[in-house]
Amino acid sequence: MAMQVLVIIRMILHPNGGKSAVGLTKTSILKKTMLKEASPKWYPVYTRSRAEKQAFELLQKKGVESYLPLQKTLKQWSDRKKWVTEPLFQSYLFVRITQQQQTEVLMTKGIVRFLYHAGRIAAMPDQQINEIQLLLSNEIDLEVTAEHIAPGEKVVIKAGPLKGLSGEMVSYKSQKQLVVRLENLGQSILVNASSALVDRL
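Presented here is an overview of the structure given in this document. (Residues numbered from 1 in each chain as written. Predicted model: local features only at pLDDT ≥ 70, side-chain atom pairs only at ≥ 80, totals over all residues. Heavy atoms only, no water.)

1. Observations concerning the packing of aromatic side chains
Any aromatic ring pair is given by two values, namely how distant the centres are and how the planes are angled relative to each other. This is how it is decided: Classification of ring pairs rests on two measures: the distance between centres of Phe, Tyr or Trp rings, Trp counted by its six-membered ring, which must be within 6.5 Å, and the angle between planes, read as stacked under 30 degrees, edge-to-face over 60 and tilted in between. Every helix listed is a DSSP run of H or I at least four residues long, and every strand listed is a run of E at least two residues long, numbered separately from the N terminus. Whether a residue is buried, partly exposed or exposed follows from its accessible area with a 1.4 Å probe, protein chains only, as a fraction of its type maximum: under 20%, in between, or over 50%, in that order.
Inspection of the entire model under this criterion finds four aromatic pairs. Ring centres 5.4 Å apart and planes at 70° place the aromatic pair Tyr46 and Tyr92 in the edge-to-face group. Of this pair, Tyr46 sits in strand β1 (residues 41-47) while Tyr92 sits in strand β5 (residues 92-97), and the two are 46 residues apart along the sequence. The class for Tyr92 is buried, based on a relative accessible area of 12%. Ring centres of Phe89 and Phe94 lie 6.1 Å apart, and the angle between their planes is 90°; on these two criteria the pair is classed as edge-to-face. Judged on exposure class, the residue Phe89 and its partner Phe94 are both buried.

2. Overview of the pairing of β1
Quick reminder of the rule: Only strands joined by at least two bridges in the DSSP assignment are considered to pair.
Counted residue by residue, β1 has five buried out of seven residues, so it is predominantly covered. Where β1 lies against β5, six bridges are found, and the strand directions are antiparallel. Each bridged residue has a counterpart across the sheet, and for Pro44 the counterpart in β5 is Phe94. In terms of strand pairing, β1 meets strand β6 (residues 111-114) through three bridges, oriented antiparallel. Paired with Tyr46 across the two strands is Arg113, which belongs to β6.

3. Concerning helix α5 (residues 126-137)
Note the cut-off: Expected helix span is computed as 1.5 Å times (number of residues minus one). This arc is built from the directions going out from the helix axis to the C-beta atoms.
Taking 1.5 Å of rise per residue, the 12 residues of α5 would be expected to cover 16 Å, and the 16 Å separating its terminal C-alpha atoms lies within 8% of that figure. Residues of α5 that are buried: Gln128, Ile129, Glu131, Ile132, Leu135 and Leu136. Projection of α5 onto a plane perpendicular to its axis shows the buried side chains occupying an angular sector of 160°, all on one side. Backbone geometry just downstream of α5 places Glu139 in the positive-phi region, at approximately 50°.

4. Digging into helix α3 (residues 52-61)
Here is the rule we go by: Contacts are assigned to residue pairs that have any heavy atoms within 4.5 Å of one another.
Restricting attention to buried positions, one finds in α3 the residues Glu52, Ala55 and Leu59. End-on, the buried residues of α3 take up no more than an arc of 70°, which puts them together on one face. Along α3, exposed side chains directed more than 90 degrees from the buried face belong to Glu57 and Lys61. The inward-facing, buried residues of α3 abut β1, β2 (66-67), β4 (81-87), β5, α4 (102-106) and β6. Just downstream of α3, Gly63 is the residue with a positive phi angle, here 85°.

5. Regarding the environment of Leu58
Residue position: Leu58 is located in helix α3. The spacing of Leu58 and Thr108 is 50 residues in sequence and 6.9 Å in space, taken between C-alpha atoms. Excluding residues that lie within four positions of it along the chain, Leu58 makes contacts with Thr108 and Lys109.

6. Details of the nonpolar core
The following threshold applies: We define a nonpolar core as any set of buried Ala, Val, Leu, Ile, Met, Phe, Trp, Tyr and Cys residues linked to one another through side-chain atoms lying within 4.5 Å.
Ranked by size, the top nonpolar core spans 27 residues in total, and within it Phe89, Phe94, Ile132 and Ile189 carry the most contacts. Residue assignment for this core shows that the elements contributing at least two residues are β5, α5, β10 (153-157), β12 (175-182) and β13 (187-192). Setting aside chain neighbours within four positions, we find Ile189 in contact with Leu88, Phe89, Ile132, Leu135, Leu142, Glu143, Val144, Leu178, Val179, Val180 and Leu182. Grouped together as the second largest cluster of nonpolar side chains are 12 residues, Val64, Leu68, Ile97 and Val105 included.

7. Focus on the sheet that holds β10
Which entries qualify depends on this criterion: Only the stretch in contact is used when a helix axis is fitted, and all axes are lines through C-alpha atoms; the angle between N-to-C directions ranges over 0 to 180 degrees.
Spatially, β9-β13-β12-β11-β10-β14 is the arrangement adopted by the six strands of the open sheet, whose pairing is antiparallel. Either end of the sheet is taken by a strand with one partner, and the two such strands are β9 (142-145) and β14 (198-200). Across the sheet, the mean angle separating the axes of adjacent strands is 40° when strand polarity is ignored. Of the strand pairs in this sheet, β12 and β13 are connected by six bridges, and their pairing is antiparallel. Pairing of Val179 across the sheet is with Leu190, part of β13. On top of the sheet, α5 reaches β9, β11 (166-172), β12 and β13; it is set at about 135° to β12, its chief contact.

So this is what it looks like as structure tokens:
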């Protein structure tokens, strides 16, 4: 009996014993999946109305990497005008987290939910966050809309402060504009861009 036990142990520890090629493949896939899930990604989150700034500050205090795009807007009252800073996307902000941090985000005051696509929490490509930051850093006129915009010609800006920004040239409100689509938000950013500054993709 002792010899039988010894033989079994040797089979398990032997480089070519007890581990099939299929077993190794499954292990490799599992490790890759775990590493992928452990990598932080950008996720849009939906907040309560007018709670974007409060939720953003609370996430910052928790050490959660987050981004709240803000835009200066000229507000008109009956007796005066005033420049105010408002969220670019009403009731949305973005967090860069791993899947393990999702619960912590949901437990933050002001956060309502994550967005879902095809049954899974929707992530945003780093490129889209970079594009939003590029647009806002140049303080150019832009418009956010949830309207359906017909597909246009795919282009990239080749010169100027928005060099490298890609999108589609579309006709919107009788003007040629560059649209950057944020599919997971169901919204688009519209920017006035000269056709002389764009190249077709």
